[in-house]
Amino acid sequence: MNCSVATALTAVLFWSTNALAAKYGLAALKVSELLTIQFSAAAITFTFLYVARHRDLLIFSELPPLKHIAIGLIGLVGTIMLQYVAFDIGNILEANVIAYSWPLIVAVWAAIVLRNLIGFIGLGMALIGFYGVVMIMTGKESLNLLEKGFDPGGAVAFVSALCMAFYTVASSNVRMTEKLLIPVTLIGAMSCFLFTYFQDGSWPAVKYWGVAAYIGVGPMAFG
């Protein structure tokens, strides 16, 4: 197994814990509080990775183009914010399945653009895979999307999936380095902090920060 495959499998491992960690995190924190801690932890992790790799502190010198930062904001901040809002207002299992429908959306886009056998095979495999997930979940009576349609949480999760699909396509020619992801996650953290501050000005005790910090360090940064 080469390094890239091992890294990809490790990313899958981290992301597979995302919904479960969100469930416990949202039990103790408001969604804006969780996101503030999550984005802050991710920004700190990206900063550590940058310093470890480059041996300097020139993080904000020669910032990436605004176009690239915008792609990162939509793809990372938009996806995560909307995903956790969906977790908070809807059924977390349903929202998770819908939010991770983005590969299907990308497969549809690829089939339309490529219009060749590879594109259509990719679309077919994506449809089979996603339908298989829905069958497993409905078989356990924990998901009833096909019966009741989208609830508000499901609708927000779908927009989250659209953000990630856009990010996947738009970032194909953009290097998503720490130098780009640091300002993106800092903007996300500041936005969520300001929302929390102007909402009620309170802040949760440090003992409740652990799960949110794990999501930022694990699924978001290392994942």
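Whatever comes next refers back to the structure up there.
Residues numbered from 1 in each chain as written. Predicted model: local features only at pLDDT ≥ 70, side-chain atom pairs only at ≥ 80, totals over all residues. Heavy atoms only, no water.

**Here's the deal with the overall build of the protein**
Okay, so step 1: From N to C terminus, the protein includes 11 helices and zero strands.
Okay, so step 2: Counted from the first residue to the last, the protein has its helices and strands arranged as α-α-α-α-α-α-α-α-α-α-α.
Okay, so step 3: Relative to its 223 residues, the protein shows a buried fraction of 40%.
Okay, so step 4: Pairs at least 24 apart in sequence give 86% of the contacts found in the protein among residues at least 6 apart. (Helix = DSSP H or I, 4+ residues; strand = E, 2+ residues; numbered from the N terminus. Buried < 20%, exposed > 50% of the residue type's maximum accessible area, 1.4 Å probe, protein only. Contact = heavy atoms within 4.5 Å.)

**With respect to the pattern of salt bridges**
Okay, so step 1: Under the counting rule described, the total for this entry stands at one salt bridge.
Okay, so step 2: Between Glu-178 and Arg-53 there is a salt bridge, with its nearest N and O atoms 3.0 Å apart. Remark: Arg-53 occurs in helix α3 (residues 31-54) and Glu-178 occurs in helix α10 (residues 178-199); sequence separation between them is 125 residues.
Okay, so step 3: Judged by its relative accessible area of 8%, Glu-178 is buried.
Okay, so step 4: With a relative accessible area of 53%, Arg-53 lands in the exposed category. (Salt bridge = Lys/Arg side-chain N within 4 Å of Asp/Glu carboxyl O.)

**Notes on the layout of surface pockets**
Unoccupied space between atoms shows up once a probe the size of one water molecule is rolled over them.
Okay, so step 1: Estimated volume of the largest pocket: approximately 620 Å³.
Okay, so step 2: Taken together, 24 residues make up the lining of the largest pocket; nearest its centre are Trp-15, Met-164, Tyr-167, Pro-219 and Gly-223.
Okay, so step 3: Where the lining of the largest pocket is concerned, the elements lending two or more residues are α1 (3-16), α2 (18-28), α4 (66-89), α5 (92-99), α9 (152-170) and α11 (210-222).
Okay, so step 4: Residue contributions to the lining of the largest pocket peak at five residues, all from α4.
Okay, so step 5: Residues that form the lining of the largest pocket fall into these classes: 16 nonpolar, eight polar and no charged. (1 Å grid on protein atoms, 1.4 Å probe; cavity = no way out; pocket = protein on both sides within 12 Å on 5 of 7 lines; lining within 4 Å. Points joined across faces, edges and corners; volume = space filled by probe spheres on them. Nonpolar A, V, L, I, M, F, W, Y, C, P; charged D, E, K, R; others polar.)

**What about the packing of aromatic side chains?**
Okay, so step 1: Going through the model one piece at a time under the given rule, you end up with six aromatic pairs.
Okay, so step 2: Measuring from ring centre to ring centre gives 6.3 Å for Phe-193 and Tyr-197, while their planes differ by 25°; the resulting arrangement is stacked. Taken together, the residues Phe-193 and Tyr-197, both in helix α10 and four residues apart, mark about one turn of the helix.
Okay, so step 3: Centroid distance Tyr-197 to Phe-198: 5.3 Å. Interplanar angle 85°. Geometry classified as edge-to-face.
Okay, so step 4: Aromatic ring contacts, followed pair by pair, group Phe-193, Tyr-197, Phe-198, Trp-203 and Trp-209 into a single cluster. (Phe/Tyr/Trp six-rings, centres within 6.5 Å; stacked < 30°, edge-to-face > 60°.)

**A short note on α4**
Okay, so step 1: Spanning 24 residues, α4 covers 32 Å between terminal C-alpha atoms, matching the ideal 34 Å at 1.5 Å per step.
Okay, so step 2: The largest bend in α4 amounts to roughly 30° and is located at Gly-78. (Expected span 1.5 Å × (residues − 1). Bend = angle between axes of the 7 residues up to and from the residue.)

**Observations concerning the environment of Thr-168**
Okay, so step 1: Tracing the chain through its elements places Thr-168 in helix α9.
Okay, so step 2: Along the sequence, Thr-168 and Gly-75 sit 93 residues apart, while their C-alpha atoms lie 7.7 Å from each other.
Okay, so step 3: Other than its neighbours up to four places away in sequence, Thr-168 contacts Trp-102 and Val-106.
Okay, so step 4: Reaching out from Thr-168, the side chain makes a polar contact with the backbone oxygen of Met-164 at a distance of 2.8 Å. (Polar contact = N/O pair within 3.5 Å; in protein donor to acceptor, adjacent residues only side chain to side chain.)

**Comments concerning the nonpolar core**
Okay, so step 1: Formed by 39 residues in total, the largest nonpolar core has its most connected members in Leu-34, Leu-35, Phe-39, Ile-80, Tyr-84 and Phe-87.
Okay, so step 2: Sorting the residues of this core by element identifies α2, α3, α4, α5, α9, α10 and α11 as the ones contributing at least two each.
Okay, so step 3: Each residue touching Ile-80, except ones within four places of it in the same chain, is listed here: Trp-15, Leu-35, Gln-38, Phe-39 and Met-220.
Okay, so step 4: Counting residues in hydrophobic clusters, the runner-up holds five residues, among them Leu-104, Ala-111, Leu-123 and Ala-126. (Core = buried A, V, L, I, M, F, W, Y, C linked by side-chain atoms within 4.5 Å.)

**A word on a nonpolar patch on the surface**
Okay, so step 1: Taken together, the side chains of Met-190, Phe-193, Leu-194, Tyr-197, Phe-198 and Trp-203 define a hydrophobic patch exposed on the protein surface, amounting to about 650 Å² of accessible area.
Okay, so step 2: Structurally, Trp-203 can be placed in the loop between α10 and α11.
Okay, so step 3: Of the residues examined, Trp-203 reaches a relative accessible area of 33% and is grouped as partly exposed. (Patch = residues over 30% accessible without salt bridge, like charges linked within 9 Å, V, L, I, M, F, W, Y side chains within 5 Å. Areas by Shrake-Rupley, 256 points an atom, 1.4 Å probe, with all protein chains shown as cover.)

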